[in-house]
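# Examination of the molecular architecture
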Amino acid sequence: MGANTGYSLKELLAEAWEIRRAFFPPQVEFVTPFRTLAVSSTGEKCALNCSHCGGYYLRGIATLEEALQHNKQKITSFLVSGGYNLQGGVPHFAQWEKIVKLSCRGALNMHTGLVTEEQARKLSQVADVVSFDFIVDNQTIEEVYGLSASGQDFIDSLQALCRYTKVVPHLCLGLKGGQMQGEFKALEKLKQEKVEAICFIVFRPTPGTLFESCAPPSLEEVGSFLAKARIMFPALPLYLGCMRPGGRYRNTLDQLALQAGINKIVQPVPAARRLAADLGLIAIKGEECCSL
């Protein structure tokens, strides 16, 4: 059975689970990332005002100045993100000296956006890992980010980053206002790259954004996609990241992710923890950002 087939969700999950059993030990990592502090190098500023976010997720996270003054012993790493510039990159280099200082205080997971070859090389001086939002569908890039960039620009940036440091691409399922468009093509492109893992997140409607009234993709679509990803990448670690809808949707999604052979889930619901035990998986606790 191949990943492009029209098999039912039940059949895809069954194949994905058998592949997981063949390539990985019977354990799953459940992450509560209290040791990682989220930091924005741009504060609340974002030049793009993207349709799915609108700067919402930059509110309330630490600035670089606050992170450098942080003295809690439990913090051992930092997720350094920020708002995009008009070129689709996060302008970390405007705060480079502070980022270098921060790298001396803990591991850095850098969220970069589009980069040049030289920027990728320089980022490797501080990044323990790069989280890279990977999109190859041109229409999605235009409608969500308002960028004139293409999918090839994202591929070029990913390849540049991979030449210098560990990279965990992030695929947002349903990014185009809850519609699945281009995600499978992105998976096919990743087959050609040397990535350390893939992290999946799922579109969630966010108040005050252009997409606030959009629904997330159907659970059947997402479950099938995760199963197909495991079938396509039998030996690659696959993660379900923190950004995903809540409530009943999350309750079902987390259980589907386990059945699809996902290796790591951030803040899983209690039902997923119980299912893991029923599946014979040993739960391991993670305390830092899943990409670390």
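To start, this report covers the structure provided alongside it. Keep in mind the model is a prediction, meaning the values are calculated, not measured.

### Considerations on the packing of helix α9 (residues 247-259) against helix α10 (residues 270-278)
At their nearest, the axes of α9 and α10 sit 8 Å apart, and the two run at 25 degrees to each other. Between α9 and α10, the angle falls in the class roughly parallel. Crossing of α9 against α10: the hand is right-handed. For the pair α9 and α10, the contacting residues are N251, D254, Q255, L258 and Q259 in the first and A271, A272, L275 and A276 in the second. Residues of the contact of α9 with α10, tallied by class, amount to 5 nonpolar, 3 polar and 1 charged.

### Comments concerning the sheet that holds strand β8 (residues 198-202)
Taken in spatial order, the 11 strands make up an open sheet running β3-β2-β4-β5-β6-β7-β8-β9-β10-β1-β11, and their pairing is parallel. Looking at which strands have only one partner, the edges of the open sheet turn out to be β3 (62-63) and β11 (282-286). In the sheet, strand β2 (residues 36-40) pairs with strand β4 (residues 77-81) via 5 bridges, with the strands oriented parallel. Residue pairing for β4: V39 is matched across the bridge by V80.

### Here's the deal with the pairing of strand β1 (residues 27-31)
Of the strand pairs in this sheet, β1 and β11 are connected by 5 bridges, and their pairing is parallel. In the strand pairing of β11, Q27 is matched with I282. The sheet contact formed by β1 and strand β10 (residues 264-266) spans 3 bridges and is parallel. Bridged to V31 within β10 is V266.

### Quick word on the packing of aromatic side chains
Applying the stated rule across the entire model yields 7 aromatic pairs. Between F132 and F154, the ring centres sit 6.1 Å apart and the planes meet at 50 degrees, which makes this aromatic pair tilted. You can see F132 sitting in strand β6 (residues 129-133) and its partner F154 sitting in helix α6 (residues 151-162), a full 22 residues away along the chain. F154 shares its class with F132; the two are buried. With a centroid separation of 6.1 Å and an interplanar angle of 80 degrees, the aromatic rings of F203 and F211 are classed as edge-to-face. A single burial state applies to F203 and to F211, both of which are buried.

### A short note on α9
For α9, with 13 residues, the first-to-last C-alpha span of 19 Å sits near the 18 Å given by 1.5 Å per residue. Within α9 the residues assigned to the buried category are Y249, R250, L253, D254, L256, A257 and L258. Remark: G261 follows α9 within two positions and exhibits a positive phi of approximately 90 degrees.

### Concerning the environment of V266
Its location among the elements puts V266 in strand β10. When the C-alpha atoms of V266 and T32 are compared, they prove to be 6.2 Å apart, with 234 residues separating the residues in sequence. With near-sequence residues (within four places) excluded, V266 lies in contact with V31, P33, L240, G241, C242, R244, R250 and C290.

Scoring rules and cut-offs
Residues numbered from 1 in each chain as written. Predicted model: local features only at pLDDT ≥ 70, side-chain atom pairs only at ≥ 80, totals over all residues. Heavy atoms only, no water. Axes fitted to C-alpha atoms, helices over the stretch in contact; angles between N-to-C directions. Helix = DSSP H or I, 4+ residues; strand = E, 2+ residues; numbered from the N terminus. Parallel < 35°, antiparallel > 145°, perpendicular 65-115°, else oblique. Left-handed = near helix turned anticlockwise from the far one by under 90°. Contact = heavy atoms within 4.5 Å. Nonpolar A, V, L, I, M, F, W, Y, C, P; charged D, E, K, R; others polar. Pairing = 2+ DSSP bridges. Phe/Tyr/Trp six-rings, centres within 6.5 Å; stacked < 30°, edge-to-face > 60°. Buried < 20%, exposed > 50% of the residue type's maximum accessible area, 1.4 Å probe, protein only. Expected span 1.5 Å × (residues − 1).

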